[in-house]
Amino acid sequence: QVQLVESGGGLVQAGGSLRLSCAASGRTFSSYTMGWFRQAPGKEREFVASIYWYTRYADSVKGRFTISRDNAKNTVYLQMNDHKPEDTAVYYCAAKRSPDYTFTYSRPAEYDYWGQGTQVTVSS
């Protein structure tokens, strides 16, 4: 079974930066599509970014956040710059084993494995 563990969350001032990490178990990490999602209290879990051989971003974070991966370390990162108060949420790492022709990269139900989440709080 694949295990995902997020780290790097915390409190950050508006306009500041933070980097999240997600460490994955298993030998097939390089074959997975990896994603970052976030969920604020009372709201649905929403797509933030994904990476396979290319990257995708939600419009709300494009230009501010950068997703990357190091397959040799079985780790995916989310570099978050220019934080805004609306970025406050629990951030989750997710993995998709095998994409199909209907895969949108942006729906939580499409992913197979999830981490426990890490809290990011942005003060204004």
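The model shown is predicted, which means the values in this text are computed figures rather than measured ones.

Peer 1: Any chance you could explain the overall build of the protein here in plain terms?
Peer 2: On a plain count of helices and strands, the protein comes out with 0 helices and 11 strands. When the helices and strands of the protein are listed from N to C terminus, the series reads β-β-β-β-β-β-β-β-β-β-β. Against the 2.2 N^0.38 benchmark of 14 Å for 124 residues, the protein shows a C-alpha radius of gyration of 14 Å, consistent with a compact globule. Summarising its shape, the C-alpha atoms of the protein cover approximately 40 × 30 × 25 Å along the three principal directions. Here the protein, with 124 residues, has 45% of them falling under the buried criterion. Per element, the accessible surface of the protein, about 6600 Å² overall, is 47% carbon and sulfur. Here the protein contributes 14 positively and 11 negatively charged side chains, and the mean placements of these two sets differ by 4 Å.

Peer 1: Whenever I open this one, the pattern of salt bridges confuses me. Can you help?
Peer 2: Opposite charge on two side chains permits them to pair, given that their charged atoms come into close proximity. What the rule picks out here adds up to 4 salt bridges. In this structure, Arg38 engages Asp87 in a salt bridge whose closest nitrogen and oxygen atoms are separated by 2.9 Å. Of this pair, Arg38 sits in strand S4 (residues 33-39) while Asp87 sits in the loop between strand S8 (75-80) and strand S9 (89-96), and the two are 49 residues apart along the sequence. Among the salt bridges present, the one from Asp87 reaches Arg64, with a minimum N-O distance of 2.8 Å. You can see Asp87 sitting in the loop between S8 and S9 and its partner Arg64 sitting in the loop between strand S6 (55-57) and strand S7 (65-70), a full 23 residues away along the chain. Assigned by exposure class, Asp87 and Arg64 land together as buried. What emerges from the salt-bridge pattern is a single network uniting Arg38, Glu46, Arg64 and Asp87.

Peer 1: Which parts of the structure should I look at to understand the environment of Asn74?
Peer 2: By the secondary structure assignment, Asn74 is in the loop between S7 and S8. By relative accessible area, Asn74 is classed as buried at 17%. Sequence separation of Asn74 and Ser30 is 44 residues, and the distance between their C-alpha atoms is 7.6 Å. Residues in contact with Asn74, not counting those within four places in the same chain, are Cys22, Ala23, Ala24, Ser25, Gly26 and Phe29.

Peer 1: Would you mind showing me how to read the state of the cysteines here?
Peer 2: Disulfides are covalent bonds that connect the sulfur atoms of two cysteines. Inspection of every chain in the model, using the stated rule, returns 1 disulfide. One disulfide in the model links Cys22 with Cys93; its S-S distance is 2.1 Å. Across the S-S bond linking Cys22 and Cys93, the dihedral sits near -80 degrees, which makes this disulfide left-handed. With Cys22 in strand S3 (residues 18-24) and Cys93 in strand S9, this residue pair connects regions lying 71 residues apart in the sequence. The same class applies to Cys22 as to Cys93, namely buried.

Peer 1: Explain the environment of Thr102 to me, please; I cannot follow it from the model alone.
Peer 2: With respect to the element layout, Thr102 can be found in the loop between S9 and strand S10 (113-114). Along the backbone, Thr102 and Ser123 are 21 residues apart, and their C-alpha atoms lie at a distance of 38 Å.

Peer 1: Sorry, what's going on with unusual backbone geometry here?
Peer 2: Where the residue is not glycine, phi is negative for most of them; where a peptide bond is considered, it is trans in most cases. With a phi angle near 50 degrees, Asn74 is a residue other than glycine that sits in the positive phi range. With a phi close to 50 degrees, Asp82 is a non-glycine residue in the positive phi region. Within the fold, Asp82 resides in the loop between S8 and S9. In this structure Asp82 comes out as partly exposed when scored by relative accessible area, which is 41%.

What counts and how
- Residues numbered from 1 in each chain as written.
- Predicted model: local features only at pLDDT ≥ 70, side-chain atom pairs only at ≥ 80, totals over all residues.
- Heavy atoms only, no water.
- Helix = DSSP H or I, 4+ residues; strand = E, 2+ residues; numbered from the N terminus.
- Rg over C-alpha atoms; globule rule 2.2 N^0.38 Å.
- Buried < 20%, exposed > 50% of the residue type's maximum accessible area, 1.4 Å probe, protein only.
- Areas by Shrake-Rupley, 256 points an atom, 1.4 Å probe, with all protein chains shown as cover.
- Lys, Arg positive; Asp, Glu negative; His and termini not counted.
- Charge placed at Lys NZ, Arg CZ, Asp CG, Glu CD.
- Salt bridge = Lys/Arg side-chain N within 4 Å of Asp/Glu carboxyl O.
- Contact = heavy atoms within 4.5 Å.
- Disulfide = S-S within 2.5 Å.

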